[in-house]
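Listed below are the residues making up each chain.
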Amino acid sequence: MKYAVIGDIHGNAPALRLVLDDARVHHVDGYLLAGDYCISAPWANDVITVLRQLPNAHVIRGNDENHLDLPNNDDGQFEASRWCARSLSADNKAWLDALPEELSFSCQGVPVRMAHASTVFLGKALHASFRTSVLPGRFPHKPLSHEDLLADFRRLMTQDETCRSAVSALDAGVYVFAHNHIQTHGCFDGRWLVNPGSCGLPLDCGDFAACYTLLTIDGGHVQVEERRIPYDVEALIARVKTTSHYQEARVWSEIIFSEWRTCREKVSFFLTLTEEYANRIGDPRRPFARDTWQAAYEEWLTAAPLRWPELFVR
Ligand SMILES: [Fe+2]
């Protein structure tokens, strides 16, 4: 049985199309969908429509599926989430709402467990070093090759005592998770950890690509192949700019453009800067009001590259 493991599509239908075409070429039998289908790129409704038609799909929800039922405020902070929620058909929204947080099944006697975040399986062990707000600081001066990233992941899982004991506490089997947008995999004494990275918003400090992973379970044996399909980031950005999402959620879109161009996370740093800015001007409104959100973005453009140069390495 060969699965395409796909996570963190984030509304990026062009990336999903590349991944599904590649998966068909590799004759997959089914799909493991690891959550975060919406928010950030403007094609969530198209993405969900396509995903619902995939055969033999095991599907869980991600944390961004919980950000689609916001009160109808006029803040700036959640403008992208609100636009996304409005764009979803009632059928597609109901499908998302019914997704489970986790699921388990057996494939040819091999137990497979799925959850959006590694913390469900490993606690905070991996999260401490392998989250996107930390990775750029650990690799500040260079684009990170995927080989170096995988070596770092495997060193951590075998040499860091917290990670080692977390993985050894698991039963043998396959553990699929996503969430940190960092593509990795490894087998540690019969426990396979598989993170397909992000299909639509890679943040692993490497090359811009539509990422997913092939997982084959055959006769009780497990095989993993990571796939990274390069495509044109500027063409993608040009397409987003033609949409009403870009008009209505311009700050969020521009931050995502910057993340696409560098494959380095920016949102959490922008929220830090915006909190500082709002406090400085004495604005207590939360979520951040539209005027404060936009003014903080103007400050971000000049302040962030000086304060966090590691986020802008290309
Ligand atoms: Fe995500």
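Since this is a predicted model, take the numbers as computed values, not measurements.

About the cut-offs
- Residues numbered from 1 in each chain as written.
- Predicted model: local features only at pLDDT ≥ 70, side-chain atom pairs only at ≥ 80, totals over all residues.
- Helix = DSSP H or I, 4+ residues; strand = E, 2+ residues; numbered from the N terminus.
- Rg over C-alpha atoms; globule rule 2.2 N^0.38 Å.
- Buried ≥ 20, exposed ≤ 12 C-beta atoms within 10 Å, placed from the backbone.
- Contact = placed C-beta atoms within 7 Å.
- Pairing = 2+ DSSP bridges.
- Domains from an automatic or database assignment.
- Axes fitted to C-alpha atoms, helices over the stretch in contact; angles between N-to-C directions.
- Core = buried A, V, L, I, M, F, W, Y, C linked by C-beta atoms within 7 Å.
- Parallel < 35°, antiparallel > 145°, perpendicular 65-115°, else oblique.
- Left-handed = near helix turned anticlockwise from the far one by under 90°.
- Nonpolar A, V, L, I, M, F, W, Y, C, P; charged D, E, K, R; others polar.

Draft legend 1. Examining the overall build of the protein chain more closely. A tally of helices and strands in the protein chain yields 14 helices and ten strands. The C-alpha radius of gyration of the protein chain comes to 19 Å, within 12% of the 20 Å expected for a compact globule of 314 residues. Taking the principal axes of its C-alpha atoms as reference, the protein chain extends roughly 60 × 45 × 35 Å. For the protein chain, the proportion of its 314 residues judged to be buried stands at 44%. Expressed as a percentage of contacts within the protein chain between residues at least 6 apart in sequence, the contacts between residues at least 24 apart total 71%.

Draft legend 2. Inspection of the pairing of strand β6 (residues 173–176) at higher detail. Here strand β5 (residues 110–115) pairs with β6 via three bridges, running parallel. By the bridge assignment for β6, R113 is matched with Y175. Bridge analysis of β6 against strand β8 (residues 191–196) gives four bridges, and the strand direction is parallel. Each residue of the ladder has a partner; that of V174, found in β8, is W192.

Draft legend 3. View of the domain arrangement of the protein chain. In terms of domains, the protein chain is made up of domain 1 (2–230) and domain 2 (233–312). On a C-alpha basis, the centres of domain 1 and domain 2 stand 24 Å from each other. Between domain 1 and domain 2, the residue contacts involve 25 residues of the former and 24 residues of the latter. Going through the elements one at a time, α3 (79–87) and α7 (135–138) are the ones with two or more residues in the side of domain 1 that touches domain 2. Top element by residues in the side of domain 1 that touches domain 2 is α3. It accounts for three residues.

Draft legend 4. The arrangement of the sheet that holds strand β3 (residues 57–59) in detail. One open sheet holds the five strands; their spatial order is β3-β2-β1-β9-β10, and the pairing between them is mixed. Each end of this open sheet is capped by a strand with a single partner; those strands are β3 and β10 (221–230). Put simply, the sheet's adjacent strands are angled 20 degrees from each other on average, direction ignored.

Draft legend 5. Region of interest: the sheet that holds strand β7 (residues 183–188). Reading across from one edge, β4-β5-β6-β8-β7 is the order of the five strands in this open sheet, with mixed pairing throughout. Looking at which strands have only one partner, the edges of the open sheet turn out to be β4 (102–107) and β7. On average, adjacent strands in this sheet sit at an angle of 15 degrees to one another, irrespective of strand direction. Relative to β8, β7 runs antiparallel, the two sharing six bridges. Looking at the pairing, H185 lines up with V194 of β8.

Draft legend 6. Geometry of unusual backbone geometry. Here the residue pair R286 and P287 is connected by a cis peptide bond, since its omega of -5 degrees sits within 30 degrees of zero. Along the chain, P287 falls in the loop between α13 (267–280) and α14 (290–307).

Draft legend 7. Structural view of the nonpolar core. Of all hydrophobic cores here, the largest spans 86 residues; its most connected members are V5, I6, A34 and V176. Per element, the largest residue contribution to this core is seven residues, and it comes from strand β9 (residues 209–218).

Draft legend 8. Focus on the packing of helix α2 (residues 44–52) against helix α4 (residues 90–97). Orientation of α2 relative to α4, taken along the N-to-C sense of each, is 65 degrees, at an axis distance of 10 Å. Taken together, the axes of α2 and α4 lie roughly perpendicular to each other. Crossing hand, α2 versus α4: left-handed. Where α2 approaches α4, its residues N45, I48, T49 and R52 are matched on the opposing element by N92, W95 and L96. Of the residues that constitute the contact of α2 with α4, the class distribution is three nonpolar, three polar and one charged.

Draft legend 9. Fine view of the environment of S168. The topology assignment puts S168 in helix α9 (residues 161–168). The exposure class of S168 is exposed, given the 10 C-beta atoms found within 10 Å. Sequence separation of S168 and V112 is 56 residues, and the distance between their C-alpha atoms is 16 Å.

Draft legend 10. Main features of the packing of helix α8 (residues 146–159) against α9. For the pair α8 and α9, interaxial distance at closest approach is 5 Å and the crossing angle is 80 degrees. Considered as vectors, α8 and α9 are oriented roughly perpendicular to each other. Contacts between α8 and α9 involve L156, M157 and T158 from the first element and C163, R164 and V167 from the second. Considering only residue class, the contact of α8 with α9 consists of four nonpolar, one polar and one charged.

Draft legend 11. How the structure looks around the pairing of β4. Here six bridges tie β4 to β5, and the two strands are oriented antiparallel to one another. Within β5, the position partnered with L103 by the bridge is M114. Linking β4 back to β5 in an antiparallel pair, the connection comprises two residues, with Q108 at a positive phi of about 50 degrees.

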